[in-house]
Amino acid sequence: MTQAKKFAVLPGDGIGREVIPQAVKVLAASGAPVETTELDWGANRYLADGTTVPADGFSMLAREFDAILVGAFGDPRVPTNIHAKEILLGMRFRLDLYANVRPVRLLDASLCPLKGVEPKDVDFVVIRENTEGVYVDAGGVFKQGTEDEVAVQEDINTRKGVERVIRYAFDYCQKHTKLDGSRRAKVLMCDKSNAMSYAGGLWQRVYKEISGEYPQTKAEHMYVDALCMQMVRDPRQFDVIVTNNMFGDIMTDLAAGLQGGLGMAASGNIHPGRTSMFEPVHGSAPPIAGKNVANPMGAILTVAMMLNHLGLAEEAAKIEAAVLEAVRQKKTTQDVGGALGTKEVGEWVAQRVAGK
Ligand code: NAD
Ligand code: IPM
Ligand code: MN
């Protein structure tokens, strides 16, 4: 008998606490050999006892779990956002989850705000560097509170960090097909090297070097401003995009818009061979939290990504097929045109996955 995979589940804050239980319900319905353990890290715990990450928390995650499922962190009662920073960015940095994989797939034409765009036209993936860049939060302020105040925010790019994420993108392109079964063929590196010459120069040099090792894959480049325009004008042209931490963050909210909004987008924070972390792209969405209106599909598709990552492809395929059917039949929340609540969508997808 296969040994059950161990998942740590951190619903977090806001709508994370609504969508994650639905994703876990669907996971159970899939019959995947998985044991889940819920952890209460988040704003409630922080407000109650001051803990963001318990002592030994990151090592415990790496030691005891095969993968981590996360909702979202962010709560208006914690205006500094300190817990979100320590938990979420803490996991990405301390577990060294250097590739943030954010697939962008349109499941049904009705979900896309662009006219004449069909599912086959939007099937690309953004590979976002996840451990460096401006997210390192290196910098400082000088003469704070005076009219001469200076704020410095450093953009850290290491050769090792840039190289491994670019290589990951080329390997991903080779190993993954599109939804229709056709092969992936292009990696596009996106930067702003025309203005940010030091960091951009490193990305350019490393990209040239690594792309030379993959002659069968087409290597392309775009500046981030032009890419944003192209993503809206003609998303068909994209296949695999690799970029830095901040550009990847911004462009994946834009890309989520092509898929039907933040409620539809899934992601994985990956270090091959190590305990990796999976989360929907959206945040805790305080204005809609607690109302049973949040779309759980991003979280449910995130579970499918986790299963695929751990080699449980059959269960993952069942979940993806059920989500697709729910979208087609409009068994969805209001943000994507349906009339169901969060729980009811989760229930519908779980029933379908269970074959009932
Ligand atoms: P957000 O993604 O939480 O939500 C923006 C808006 O998008 C929401 O108000 C809502 O209208 C819509 N939306 C998002 N997810 C949805 C869903 N599942 N179903 C339906 N509609 C959905 O972004 P924000 O408002 O900028 O951030 C809110 C908080 O979340 C902040 O504290 C932010 O730092 C945090 N955040 C956390 C994560 C994370 O933990 N991974 C990610 C993004 C933002
Ligand atoms: C995301 C979020 C985070 C990020 C925030 C909450 C720090 O927006 O996962 O996309 O910027 O990476
Ligand atoms: Mn984001």
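In what follows, the structure referred to is the one given above.
Because the structure is predicted, anything quoted here is derived from the model rather than measured.

Asks: Honestly, the overall build of the protein chain in this entry has me stumped. Any pointers?
Replies: Looking only at helices and strands, the protein chain has eleven helices and twelve strands in total. Rg of the C-alpha trace for the protein chain: 20 Å, near the compact-globule value of 21 Å for 356 residues, within the 12% margin. Along the first, second and third principal axes, the C-alpha atoms of the protein chain reach 60 × 50 × 45 Å. Burial statistics for the protein chain: of 356 residues in total, 52% are counted as buried.

Asks: Just to check I follow, could you spell out the sheet that holds strand S3 (residues 67–72) for this structure?
Replies: Sheet strands line up and pair through hydrogen bonds in the backbone, either parallel or antiparallel. With mixed pairing, the ten strands of this open sheet are ordered in space as S2-S1-S3-S12-S11-S4-S5-S10-S8-S9. Of all the strands in the sheet, the pair left with one neighbour each is strand S2 (34–38) and strand S9 (218–223). Taken pair by pair, the neighbouring strands of this sheet meet at an average axis angle of 25°, ignoring direction. Taken together, the five bridges between strand S1 (residues 5–12) and S3 define a ladder with parallel strand orientation. For Val 9, the partnering residue across the bridge sits in S3 and is Leu 69. Against the sheet, helix H1 (residues 16–29) touches S1, S2 and S3, its axis set at about 155° to S1.

Asks: What's the story with a nonpolar patch on the surface in this structure? I'm lost.
Replies: On the surface, Phe 142, Val 150 and Val 152 cluster together to form a nonpolar patch covering roughly 250 Å² of accessible area. As for its placement among the helices and strands, Val 150 is situated in strand S7 (residues 150–153). Looking at Val 150, the relative accessible area reads 35%, which means it is partly exposed.

Asks: So what exactly am I meant to see when it comes to the site of ligand 2 here?
Replies: Around ligand 2 lies a shell formed by Leu 88, Arg 92, Arg 102, Arg 128, Tyr 135 and Asp 249. One nitrogen or oxygen atom from the side chain of Arg 128 is found 2.7 Å from an oxygen atom belonging to ligand 2. Relative to its free-state accessible area of 320 Å², ligand 2 is covered by the protein chains to the extent of 72%. Of the pockets mapped on this structure, ligand 2 occupies the second largest pocket. When its residues are assigned to classes, the shell around ligand 2 shows two nonpolar, no polar and four charged.

Asks: Is there a simple way to think about the site of ligand 1 in this case?
Replies: Around ligand 1, the surrounding shell holds 20 residues, and the nearest of these are Phe 73, Glu 279, Gly 283, Ala 285 and Asn 295. Contact distances for ligand 1 include 2.8 Å between an oxygen atom and a backbone N or O atom of Phe 73. One of the backbone nitrogen or oxygen atoms of Asn 295 is found 2.8 Å away from a nitrogen atom of ligand 1. For ligand 1, the protein covers 66% of the area, taking 800 Å² as the surface of the free molecule.

Asks: I would appreciate a short explanation of the environment of Asp 253 in the present structure.
Replies: Along the polypeptide, Asp 253 turns up in helix H8 (residues 245–259). On the accessibility criterion, Asp 253 (39% relative accessible area) is partly exposed. Here the alpha-carbon distance between Asp 253 and Leu 89, two residues 164 residues apart in the chain, equals 18 Å.

Asks: I'm lost on the side chain of Ser 30 in this one. Help?
Replies: Among the secondary structure elements, Ser 30 is positioned in the loop between H1 and S2. In terms of polar contacts, Ser 30 uses its side chain to reach the backbone amide nitrogen of Ala 32, at 3.2 Å. Leave out the neighbours within four places in its chain, and Ser 30 touches Leu 307, Glu 315, Lys 318, Ile 319 and Val 353.

Asks: Would you explain helix H11 (residues 342–353) in this entry?
Replies: Think of an α-helix as turning once every 3.6 residues; residues three or four places apart then point the same way. Taking 1.5 Å as the rise per residue, H11 with twelve residues should run 16 Å; its terminal C-alpha atoms sit 17 Å apart, in good agreement. Taken together, the buried positions of H11 are Thr 342, Val 345, Gly 346, Val 349, Ala 350 and Val 353. The buried residues of H11 occupy an angular sector of 130° when projected down its axis, which confines them to one face. Contacts from the buried residues of H11 go to H1, helix H9 (297–309) and helix H10 (313–328).

The rules behind each value
- Once a new chain begins, its residue numbering starts again from 1 and follows that chain's sequence as written.
- Following the order in which they are written, the chains are lettered starting with A and the ligands numbered starting with 1.
- Restriction of local features to residues with pLDDT of at least 70 applies here, the model being predicted, together with a cutoff of 80 or more for giving and counting side-chain atom pairs; totals for whole chains, interfaces and linings are based on all residues.
- Working from all heavy atoms in the structure, the side-chain values ignore hydrogens and water.
- The secondary structure listing takes helices from DSSP runs of H or I that are at least 4 residues long and strands from runs of E that are at least 2 residues long, numbered from the N terminus.
- Throughout, the radius of gyration refers to the C-alpha atoms, and the reference size of a globule is 2.2 Å times the residue count to the power 0.38.
- Only protein chains enter the accessibility calculation, which uses a 1.4 Å probe; a residue whose area is less than 20% of its type maximum is buried, one above 50% is exposed, and one in between is partly exposed.
- Only when DSSP finds a minimum of two bridges between them are two strands counted as paired.
- What counts as an axis is a line fitted to C-alpha atoms, over the stretch in contact for a helix, and the angles between N-to-C directions run from 0 to 180 degrees.
- For this analysis, residues touch if any pair of their heavy atoms sits within 4.5 Å.
- Patches draw on residues past 30% relative accessible area with no salt bridge. Two like charges within 9 Å are joined, as are two nonpolar side chains (Val, Leu, Ile, Met, Phe, Trp, Tyr) within 5 Å.
- Surface accessibility in these figures is a Shrake-Rupley result with a 1.4 Å probe; residues are shielded only by whichever protein chains are displayed.
- Salt bridge criterion: a side-chain nitrogen from Lys or Arg within 4 Å of a carboxyl oxygen from Asp or Glu.
- One heavy atom suffices: a residue is near a molecule or strand as soon as one of its heavy atoms comes within 4 Å of it.
- A 3.5 Å cut-off defines polar contacts: any pair of N or O atoms within that distance qualifies, except that in protein one atom must be a possible hydrogen donor and the other a possible acceptor, and neighbouring residues in sequence count only when both atoms are side-chain atoms.
- Think of a 1 Å grid over just the protein atoms. A cavity is a set of points where a 1.4 Å probe fits yet cannot get out, a pocket is an open set with protein on both sides within 12 Å along at least five of seven lines, and lining residues have an atom within 4 Å of a point.
- More than half of a molecule's atoms lying within 2 Å of a cavity's or pocket's grid points is what places that molecule inside it.
- Residue polarity follows a fixed list, in which Ala, Val, Leu, Ile, Met, Phe, Trp, Tyr, Cys and Pro are nonpolar, Asp, Glu, Lys and Arg are charged, and the others, Gly among them, are polar.
- Here the expected span of a helix is defined as 1.5 Å times the quantity of residues minus one.
- It is the directions from the helix axis to the C-beta atoms that the arc portrays.

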